[in-house]
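These are the residues of each chain, in order.
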Amino acid sequence: MLKLSKLTDYAVVALVRLGQKSEVTTSPVLSRSTGIPEPTVAKVLKILATQGIVTSQRGARGGYRLAQPLEDISIAAVIQAIDGPISLTTCVDGGDCDARSTCGLGGQWDMVNAAIRHALSAITLADMKNHTVTDRLGGLHVPPMPDGPEVTA
């Protein structure tokens, strides 16, 4: 199962909340408004700052702000900042594989991985905030979740 880390989930929540604020915001303030523990918010913001997704300001009036608007930050950028390159299997993009000689699928996962990266790059934090993700998927059919409504774009 492809599953994002909790830190990536927390990063998306923190970034969307940060995008709703016009002023520099501290990690304790973001923690209180999101319900994410403050040490986790601080850790996520530090990572995002090193990746250029947020900027930090030191001093008495210090804190964090988005480096660019929510509309310009893709989900793929956040995933890569927190979890590293988006890769479904170890053999994607020429990575090492113990079964390369017997598998017979060498390079085929690259197409799947590229499609996933493309879809994640098309979804922005603004889409997440505004609940417009399905509008951006270009007709992609999303199967219903158990006990949930079916979503079509």
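Residues numbered from 1 in each chain as written. Predicted model: local features only at pLDDT ≥ 70, side-chain atom pairs only at ≥ 80, totals over all residues. Heavy atoms only, no water.

A.B. asks: Where do I start with the overall build of the protein chain in this structure?
C.D. replies: When helices and strands are counted, the protein chain shows seven helices and four strands. Among the 153 residues that make up the protein chain, the fraction classed as buried is 30%. Put simply, of all contacts in the protein chain between residues at least 6 apart along the chain, 54% involve residues at least 24 apart. On the protein chain, roughly 9,600 Å² of surface is accessible, and the fraction owed to carbon and sulfur atoms is 54%. (Helix = DSSP H or I, 4+ residues; strand = E, 2+ residues; numbered from the N terminus. Buried < 20%, exposed > 50% of the residue type's maximum accessible area, 1.4 Å probe, protein only. Contact = heavy atoms within 4.5 Å. Areas by Shrake-Rupley, 256 points an atom, 1.4 Å probe, with all protein chains shown as cover.)

A.B. asks: When you look at the packing of helix H1 (residues 6–19) against helix H3 (residues 38–50) in this model, what are you seeing that I'm missing?
C.D. replies: When two helices pack together, you describe them by how their axes are tilted relative to each other and by the distance separating the axes. Between H1 and H3, the shortest axis-to-axis distance is 10 Å and the interhelical angle comes to 80°. Considering the angle they form, H1 stands roughly perpendicular to H3. In this structure, H1 contributes Leu 7, Tyr 10, Ala 11, Leu 15 and Leu 18 to the contact, and H3 contributes Thr 40, Lys 43, Val 44, Leu 45 and Leu 48. For the contact of H1 with H3, the residue count by class is eight nonpolar, one polar and one charged. (Axes fitted to C-alpha atoms, helices over the stretch in contact; angles between N-to-C directions. Parallel < 35°, antiparallel > 145°, perpendicular 65-115°, else oblique. Nonpolar A, V, L, I, M, F, W, Y, C, P; charged D, E, K, R; others polar.)

A.B. asks: Got a minute to help me understand the confidence of the model for the protein chain in this structure?
C.D. replies: Residues shown with low pLDDT carry predicted positions that ought not to be read at fine detail. Per-residue confidence for the protein chain averages 84 on the pLDDT scale, and 78% of its residues sit at or above 70. Averaged pLDDT values for the elements of the protein chain fall to 44 in strand S4 (residues 151–152) and rise to 97 in H3. Within the model, the stretch residues 148–153 combines pLDDT values under 50 with 14 contacts to residues more than four positions away or in other chains. (pLDDT = per-residue confidence, 0-100.)

A.B. asks: How should I be thinking about the nonpolar core in this particular structure?
C.D. replies: Within soluble globular proteins, side chains that are nonpolar generally end up buried alongside one another. Leu 15, Leu 48, Val 54 and Leu 125 are the most contacted members of the largest nonpolar core, which totals 27 residues. Elements represented by at least two residues in this core include exactly H1, H3, strand S2 (63–66), helix H4 (75–83) and helix H7 (125–130). In terms of residue count, the dominant contributor to this core is H4 (six residues). Those residues within four positions of Val 54 in sequence are excluded, and the remaining contacts are Leu 15, Leu 18, Leu 45, Leu 48, Ala 49, Tyr 64, Arg 65, Leu 66 and Ala 67. (Core = buried A, V, L, I, M, F, W, Y, C linked by side-chain atoms within 4.5 Å.)

A.B. asks: I would appreciate a short explanation of a nonpolar patch on the surface in the present structure.
C.D. replies: A cluster of nonpolar residues, Leu 105, Trp 109 and Val 112, forms a patch on the protein surface that exposes about 240 Å² of accessible area. Along the chain, Val 112 falls in helix H6 (residues 108–122). (Patch = residues over 30% accessible without salt bridge, like charges linked within 9 Å, V, L, I, M, F, W, Y side chains within 5 Å. Salt bridge = Lys/Arg side-chain N within 4 Å of Asp/Glu carboxyl O.)

A.B. asks: Can you walk me through the environment of Ile 47 in this structure?
C.D. replies: For Ile 47, the position within the fold is in helix H3. On the accessibility criterion, Ile 47 (23% relative accessible area) is partly exposed. Taking C-alpha positions, Ile 47 is 6.8 Å from Ile 82, a pair spaced 35 residues apart along the chain.

A.B. asks: Is there a simple way to explain H1 in this structure?
C.D. replies: Its 14 residues place the ends of H1 20 Å apart at the C-alpha level, agreeing with the 20 Å of an ideal helix rising 1.5 Å per residue. Looking at the buried residues of H1, the elements they touch are helix H2 (27–34), H3, strand S1 (54–57), S2, H4 and H7. (Expected span 1.5 Å × (residues − 1).)

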